[in-house]
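Chain residues, written in single-letter form:
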Amino acid sequence: MKKNLMFAVIASMMLASCSSEDAPTVAQTGKTELGVSAVISGAVGTRALTDGFAADSTIGVFIDNTASGVDYTPTTATYTYGSTVWAPPASGKIYLTSEIATVYAFYPRGVAGDIDLTAKTLKLNVDSVQNFSATSQKDYMYGTARAGTEGSYTYPLATVSNAVGSSDASLFFHHVLSKLSFIVNKESSYTGAGLLTSVRLTKAAGFLSGSNSGTINLNDGVISGLNATTDIVFNGSTTINAASGTTVLVQGLVAPIVATTGITLTLTIDGKNMIVTLPSASPADAWLQEKNYTYTINVQGTELSVVSVAITAWGDLAGGTTRDGEGGGGGE
């Protein structure tokens, strides 16, 4: 009798084991830590325009799910970049439950007062006076997921939960500013040394700037609250290229604008101001987010000529992961 009972118990255990293996696991019990991987839509460093995330760069990440009626507590966690991995904070990590959460991410991490967790906005500072290498101006970004296929991608906000395979957010960071680049070449008719010390852009109330007056909407990257300004100035010191040069001498980050027609460019070369009117940035007649506008300028005798305006996108660069190289889905 005892033997029969033992065989029955063993058979029951084996049947339960098989059933458990065959049934799909929908959700993990308890809480699961949020994992993060990142790809950058462009080049970013701790300040501006280096090739990819610099070591020790930090991003801010928080989650919320107000749409479902059961909220997470949206407290920002700081993730720090190593050479390949984003390290989560030692304390204050983000944990997920079965509730689906929306992921909000931003760069730079900044200080605590920069982020409004309720409004989902990040403070924005755009300088109207910068240096030649753009290191005086921060490069602001917000993060989304990516959906669809190449050529027709969409970028919805990432969503996560503790369901199996859903706890990692693959984030794609987007620049909210426009990039300007200037190539300045010296033709044989100009006999000076060619020392460039200032680049000034002028348009009546045509530009936007502000010291922490602006905000970035982390849902879609829309900028608001900046002030109208007449001039953008880049200061530095460099020698202009020889004829047909391709070296970019000046670069900076500016707020996107519409109506680029009629912008006046003033170059200070060898202590003298030389002026030319820039053509519109065709076809949109705008400086758009995530676009690089390269102006090639020739110095001829006592005047300037605009050779071309090239518009390119900032390319994608790998950013790392919290899963030792194994980035997850996160809404893709």
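The structure presented is a predicted model; accordingly, all values stated were derived computationally and were not measured. (Residues numbered from 1 in each chain as written. Predicted model: local features only at pLDDT ≥ 70, side-chain atom pairs only at ≥ 80, totals over all residues. Heavy atoms only, no water.)

Trainee: Which parts of the structure should I look at to understand the overall build of the chain?
Mentor: Counting its regular elements, the chain contains one helix and 26 strands. The burial tally for the chain puts 43% of its 332 residues in the buried class. Taking the contacts inside the chain whose residues are at least 6 apart along the sequence as the reference set, 74% of them involve residues at least 24 apart. With the model as given, the accessible surface of the chain reaches about 15,700 Å², and the carbon-plus-sulfur share is 54%. (Helix = DSSP H or I, 4+ residues; strand = E, 2+ residues; numbered from the N terminus. Buried < 20%, exposed > 50% of the residue type's maximum accessible area, 1.4 Å probe, protein only. Contact = heavy atoms within 4.5 Å. Areas by Shrake-Rupley, 256 points an atom, 1.4 Å probe, with all protein chains shown as cover.)

Trainee: Whenever I open this one, the pattern of salt bridges confuses me. Can you help?
Mentor: Proximity of charged atoms lets side chains of opposite charge pair with each other. Considering all chains together, one arrives at three salt bridges under this definition. The residue E33 makes a salt bridge to K93 at a minimum N-O spacing of 3.9 Å. Of this pair, E33 sits in strand β1 (residues 32–33) while K93 sits in the loop between β5 (86–87) and β6 (95–96), and the two are 60 residues apart along the sequence. Judged by relative accessible area, E33 falls into the partly exposed class, the value being 24%. R200 is the partner of D231 in a salt bridge, and the nearest nitrogen-oxygen pair spans 3.7 Å. Linking D231 in strand β17 (residues 227–239) with R200 in strand β15 (residues 195–217), this pair joins segments that are 31 residues apart in sequence. Classification of D231 by relative accessible area gives partly exposed; the value is 24%. (Salt bridge = Lys/Arg side-chain N within 4 Å of Asp/Glu carboxyl O.)

Trainee: Can you walk me through the packing of aromatic side chains in this structure?
Mentor: Both the distance between ring centres and the angle between the ring planes are used here to describe each pair of aromatic rings. Evaluated as defined, the whole model comprises seven aromatic pairs. Between F182 and F234 the ring centres are 6.3 Å apart and the planes differ by 55 degrees, which places this aromatic pair in the tilted class. Of this pair, F182 sits in strand β14 (residues 178–186) while F234 sits in strand β17, and the two are 52 residues apart along the sequence. Plain terms: the ring middles of F207 and W287 are 5.8 Å apart, the flat faces sit at 5 degrees to each other, and that makes the pair stacked. Of this pair, F207 sits in strand β15 while W287 sits in strand β23 (residues 286–287); the two residues are 80 residues apart in sequence, bridging distant segments of the chain. (Phe/Tyr/Trp six-rings, centres within 6.5 Å; stacked < 30°, edge-to-face > 60°.)

Trainee: Teacher, can you tell me more about the pairing of β14 here?
Mentor: On a regular strand, one side chain projects to one face of the sheet and the next to the other, so that they alternate. Among the nine residues that make up β14, eight are buried, leaving the element largely enclosed by the rest of the structure. Across five bridges, the pairing between β14 and strand β19 (residues 250–254) is antiparallel. From the neighbouring strand, S178 faces β19, where its bridge partner is V254. As judged from the eight bridges shared by β14 and strand β24 (residues 291–300), these two strands associate in the parallel manner. (Pairing = 2+ DSSP bridges.)

Trainee: Help me out: how do you make sense of the environment of A193 in this one?
Mentor: Examined against the element boundaries, A193 turns out to sit in the loop between β14 and β15. Looking at A193, the relative accessible area reads 59%, which means it is exposed. Remark: the alpha-carbon pair of A193 and T239, spanning 46 residues in sequence, is separated by 7.6 Å. Residue contacts for A193: discarding those within four places in its chain leaves K186, T239 and D270.

Trainee: Just checking my understanding: could you explain the nonpolar core for this structure?
Mentor: Most often, soluble globular proteins have nonpolar side chains that are buried together. Counting 30 residues, the largest nonpolar core has L201, F234 and W287 as its most contacted members. Among the elements of the structure, β14, β15, β17, β19, β21 (264–269), β22 (272–277) and β24 are those that each provide at least two residues to this core. Beyond its immediate stretch of four places on either side in the chain, F234 contacts Q130, N131, F132, L180, F182, T197, S198, V199, L201, V250, G252 and V254. Membership of the second largest hydrophobic core comes to 26 residues, among which are Y107, M141, A145 and A158. (Core = buried A, V, L, I, M, F, W, Y, C linked by side-chain atoms within 4.5 Å.)

Trainee: Just checking my understanding: could you explain the side chain of T294 for this structure?
Mentor: Tracing the backbone shows T294 in strand β24. Since its relative accessible area comes to 14%, T294 is described here as buried. Discounting chain neighbours no more than four positions away, the residues touching T294 are S181, I183, S308, V309 and A310.

Honestly, that's just the spatial picture; any functional story needs more than this.
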